[in-house]
Amino acid sequence: MKINKGAVNVQAFHYDVESSSADVKTELNISVEHPDFKDENGQPLSEKEGKILQVVVPFEIHPENAPFKVSGLVGQIIQPVGFQGEVQDLEPKDIQQLSRPVVEYIETMTYQITSVALNRGFSLNFNKNIKIEPNEALKELKAKEKKNSDK
């Protein structure tokens, strides 16, 4: 899938000292939205090439035995070329592909910050065993659509 991409936007990134024995936490809440983007004249942006979407990833991570935790909110505007469907039509593998640059950015920032703060970089790797599933709201929407189409 060809994707036109905007810059990754870091709205918040927090590094905090944390006890190494604190509970492990890996929360990446990936969502893909279709906001109503407008140009400088207040007109809707052209979606002739494909729908313009926004990937938003709020996160909170405390790796096992790590003396820190990170949290924040990172996003990116994307346009999957040729995609004219609805967000709920995206398959989990599509969402994974669309969100990967944002997740990699979180991995990179964490490595760079820990390199400075701890004198050694800490690598996060969300490639292994990552499983992206629709959140409850999306599951309910898909079920409602299926129910309506069965009528």
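Residues numbered from 1 in each chain as written. Predicted model: local features only at pLDDT ≥ 70, side-chain atom pairs only at ≥ 80, totals over all residues. Heavy atoms only, no water.

1. Examining unusual backbone geometry
The bulk of non-glycine residues show a negative phi, and the bulk of peptide bonds are trans. Our working definition: When a residue's accessible area, from a 1.4 Å probe over protein chains only, is under 20% of the maximum for its type it is buried; when over 50% it is exposed; and in between it is partly exposed. Secondary structure counts use DSSP, requiring at least four H or I residues in a row for a helix and at least two E residues in a row for a strand, with both numbered from the N terminus.
Backbone geometry at Asn65 places phi at a positive 60°, although glycine is not the residue there. On the basis of relative accessibility, which here comes to 59%, the residue Asn65 falls in the exposed class. For Asn119, which is not glycine, the phi torsion reads 65° and is therefore positive. The topology assignment puts Asn119 in the loop between helix H1 (92-117) and helix H2 (136-150).

2. Digging into the packing of aromatic side chains
To be explicit about the condition: A pair of Phe, Tyr and Trp rings is counted when the ring centres sit within 6.5 Å of each other, with Trp represented by its six-membered ring. The angle between the planes then sorts it: under 30 degrees is stacked, over 60 is edge-to-face, the rest tilted.
Applying the stated criterion to the full structure yields three aromatic pairs. Here Tyr15 and Phe68 contribute two aromatic rings whose centre-to-centre distance is 5.8 Å and whose plane-to-plane angle is 20°, an arrangement assigned as stacked. With Tyr15 in strand E1 (residues 3-17) and Phe68 in strand E5 (residues 68-80), this pair connects stretches of sequence that are 53 residues apart.

3. What about the nonpolar core?
Side chains of a nonpolar character, in soluble globular proteins, are inclined to be buried together. We apply this condition: In this text, buried Ala, Val, Leu, Ile, Met, Phe, Trp, Tyr and Cys residues form a nonpolar core when linked through side-chain atoms within 4.5 Å. The contact definition used throughout considers only heavy atoms, calling two residues in contact when any of these lie within 4.5 Å.
By size, the foremost hydrophobic cluster in this structure holds 25 residues, and its most contacted members are Leu28, Ile61 and Leu90. Contributions of two or more residues to this core are made by strand E4 (53-62), E5 and H1. Residue contacts for Leu28: discarding those within four places in its chain leaves Val57, Pro58, Phe59, Ile61, Val103, Ile106 and Phe126.

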